[in-house]
Amino acid sequence: MKELTKEADWAEALETSAHQTAVVFKHSTTCPISAGAWEEYQTFIQERAGGRAAFYFVKVIESRAISNRIAEDLGVKHESPQAIVIQDKQPAWHDSHSNITSRILEEKVTAFS
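Residues numbered from 1 in each chain as written. Predicted model: local features only at pLDDT ≥ 70, side-chain atom pairs only at ≥ 80, totals over all residues. Heavy atoms only, no water.

Turning our attention to the sheet that holds strand β1 (residues 2–3). Here we have five strands laid out as an open sheet, ordered β1-β3-β2-β4-β5, and mixed in their pairing. Of all the strands in the sheet, just β1 and β5 (90–96) have a single pairing partner and so form its edges. (Pairing = 2+ DSSP bridges. Helix = DSSP H or I, 4+ residues; strand = E, 2+ residues; numbered from the N terminus.)

Okay, here's the thing in structure tokens:
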């Protein structure tokens, strides 16, 4: 899992999605709901992902410009927490808040991998 902190990081993640499913998690480090979704995201990667995708995260407060760029480039309204599955440089699925669980992530990544 790689943190997106610069434009080049995001460009690399987007390019990766052209040949491998990419998942981006937008995380607010000050929000308890985001903390719960962050735990679900990490659990999914550690226990269920099985190398089926490339995983990224962006801290929306600390890296606001990158978070905004992701929303703009993908045409996906910003929310936090938010998970976005990207294929071929396009959003295949996205959801937010309590809809980000290890089980749902497994379902969606499996469907799009």
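The subject of this paragraph is the nonpolar core. Grouped together as the largest cluster of nonpolar side chains are 17 residues, with contacts concentrated most on V23, F25, Y41, F55 and L105. Those elements that provide at least two residues to this core are β2 (22–27), α2 (32–47), β3 (54–59), β4 (82–87) and α4 (102–112). In terms of residues, this core owes the most to one element, α2, which gives four residues. Excluding residues within four positions of it along the chain, L105 makes contact with E40, Y41, F44, A83, W93 and I100. Ranked by size, the runner-up nonpolar core spans 15 residues in total, among them A13, A54, Y56 and I66. (Core = buried A, V, L, I, M, F, W, Y, C linked by side-chain atoms within 4.5 Å. Buried < 20%, exposed > 50% of the residue type's maximum accessible area, 1.4 Å probe, protein only. Contact = heavy atoms within 4.5 Å.)

Bringing the environment of E72 into the picture now. Along the chain, the position of E72 falls in helix α3 (residues 64–74). Each C-alpha atom, one on E72 and one on A35, is 24 Å from the other, the two residues being 37 residues apart in sequence.

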